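The residues making up each chain are set out below.
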Amino acid sequence: MTPVRVVGGGPGGMLLAYLLARAGVPVTLLEGHRDFDRRFRGDSLHPWTLELLAELGLAEDLLRLPHFPARYFRFHTPAGTLTPTDYGALRSPFPYVALMPQARFLDFLAARAQELPTFELRLGARVTGLLESDGVVTGVRVGEEELPASLVVGADGRFSKIRSLAGLPAKSLGAQTDVLWFALPRSPTDPPEADVDLYFGADRYVGLLGGPEEWQVGYSLPKGGYAAVREAGVEPIREFVRSRIPWLADRIDLLTDMRQTTLLSVDIARVERWHRPGLLLIGDAAHVISPVGGNGILMALQDAVAAANRLVPALRAGGVHETDLMAVQQDREAAIQEVQAAQVRTELRVLKARERDRTIAPPWFLRWIFAVPGVRARSARRNAYGPNPPHLSAEMNQGAVASMIERH
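Described in the following lines is the structure provided in the data block. In this text the structure is predicted, and so the values were computed from the model without any measurement.

**Describing the overall build of the protein chain**
Point 1. Check the secondary structure of the protein chain and you find twelve helices and 22 strands.
Point 2. Scaling as 2.2 N^0.38, a compact globule of 408 residues should have a C-alpha radius of gyration of about 22 Å, and the protein chain matches this with 22 Å.
Point 3. Each principal axis of the C-alpha distribution contributes one length, and for the protein chain these read about 60 × 45 × 35 Å.
Point 4. Split into buried and exposed, the 408 residues of the protein chain put 54% on the buried side.
Point 5. Long-range pairs, those at least 24 residues apart, make up 76% of the contacts in the protein chain with a sequence separation of at least 6.
Point 6. Approximately 17800 Å² of the protein chain is accessible, and the part contributed by carbon and sulfur atoms is 52%.

**Quick look at the pairing of strand β14 (residues 177-185)**
Point 1. Most of β14 sits out of view: seven of its nine residues are buried.
Point 2. The pairing of β14 with strand β17 (residues 214-222) spans nine bridges and is classified as antiparallel. The residue bridging Trp181 from the neighbouring strand is Gly218, located in β17.
Point 3. Strand direction decides the pairing type here: β14 and strand β18 (residues 262-264), joined by three bridges, are antiparallel. Counterpart to Leu180 in the pairing with β18 is Leu263.

**Looking at the pattern of salt bridges**
Point 1. This structure, assessed with the given rule, holds 19 salt bridges.
Point 2. When the shortest N-O distance is used, the salt bridge between Asp61 and Arg64 registers 2.2 Å.
Point 3. On the accessibility criterion, Asp61 (26% relative accessible area) is partly exposed.
Point 4. The shortest N-O distance in the salt bridge between Arg259 and Asp257 comes to 3.1 Å.
Point 5. On the accessibility criterion, Asp257 (26% relative accessible area) is partly exposed.

**Thoughts on the packing of aromatic side chains**
Point 1. Counted according to the given criterion, the structure contains six aromatic pairs.
Point 2. Measuring from ring centre to ring centre gives 5.3 Å for Trp215 and Trp247, while their planes differ by 65°; the resulting arrangement is edge-to-face. Note that Trp215 is positioned in strand β17 and Trp247 in the loop between α7 (235-244) and β18, a separation of 32 residues in sequence.
Point 3. Residue classification places Trp247 among the partly exposed positions, given a relative accessible area of 21%.
Point 4. Joined through ring pairs, the aromatic side chains of Phe73, Phe75, Phe200 and Tyr205 make up one cluster.

**Observations concerning the sheet that holds strand β16 (residues 205-209)**
Point 1. On the basis of which strands lie adjacent, the open sheet formed by seven strands has the order β6-β5-β15-β16-β17-β14-β18 and mixed pairing. Bordering the open sheet on either side are β6 (80-86) and β18, each of which pairs with just one other strand. Here the average twist between neighbouring strands, direction ignored, is 20°.
Point 2. Across the sheet, α7 is in contact with β5 (72-77), β14, β15 (196-200), β16 and β17; its angle to β15 comes to roughly 105°.

Rules behind the numbers
Residues numbered from 1 in each chain as written. Predicted model: local features only at pLDDT ≥ 70, side-chain atom pairs only at ≥ 80, totals over all residues. Heavy atoms only, no water. Helix = DSSP H or I, 4+ residues; strand = E, 2+ residues; numbered from the N terminus. Rg over C-alpha atoms; globule rule 2.2 N^0.38 Å. Buried < 20%, exposed > 50% of the residue type's maximum accessible area, 1.4 Å probe, protein only. Contact = heavy atoms within 4.5 Å. Areas by Shrake-Rupley, 256 points an atom, 1.4 Å probe, with all protein chains shown as cover. Pairing = 2+ DSSP bridges. Salt bridge = Lys/Arg side-chain N within 4 Å of Asp/Glu carboxyl O. Phe/Tyr/Trp six-rings, centres within 6.5 Å; stacked < 30°, edge-to-face > 60°. Axes fitted to C-alpha atoms, helices over the stretch in contact; angles between N-to-C directions.

The following block contains the structure:
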């Protein structure tokens, strides 16, 4: 069987390649960088993800690696603190979001995939073109090398080269905010209840993500406002943190230069058609998810499961047809639209608050709603699993068992 070529070694591409190889399908994962170590990528492994990894027999070993189990999601406003989400209320063996550096997760999954005989990982493999015959994508070009494929999967993120080469443009849905990320060290005296928190101020907010060794701090700014923030320098950022997160005041002076920050230009976008004959897009290549809610990784991993469920039977039956690719999009599109619609509503609320010179914060009446029994648990479930979460098909698991028996 000609290998499937998965382009992009992020969470979605890595998981799909692992699942295909686990089912005995030859697959090559092509990653343009030499490693997976990029700062300020999404680090959230939701309960759905951990349950999936447990089903695959991977969760126990993964969770031996350093991580931070986040139970709560909180809003800190000038009027007080709101707790909309309590993952501890979930009926799950993993009632938390595991915050783990993405590179650590990808290295772990890549090592497990490389134990499978039909998996190949090629780092530093930048795709420069698509191979086509009569309108069908038949492979990729890496430098001068031509790699034939039974299917090409573009999982190469929000700036997808595969999407561009395939002529499948993404339409922006209207993000209004950018985020400037930097890191501060964790201290043993930090509040034990601090997990995933948003701190709201007069015209901006700061997101705080816990980690085993450090805090990731995301400082919001208006879309396109980076030049003004850069000119003002780090002191306004430090002053915001001192005033809104006083327990970080003892180390915020470690931020001394704008070069210690990383700009994330937030976008919410979606491709109308995720496929062409011989080619499929998944994850941010098909639909860019903003950091709001921290569920970009979750959506990409769920795309990978939905794709594997459709692709493995088709490949075993002789080949993937465009109807199979269309089915992947149909399986996932409603969930993606729901998540992105919620993010767009949040972005519009932020825009209106800025235009009216009001504090960017959740409405005050949410305090009463979050006090109602069960509301925090329902909120946690929506965020932990997403809309209509997919599950590995019985055929995927049966095929994996057969493949493992054959190996031994």
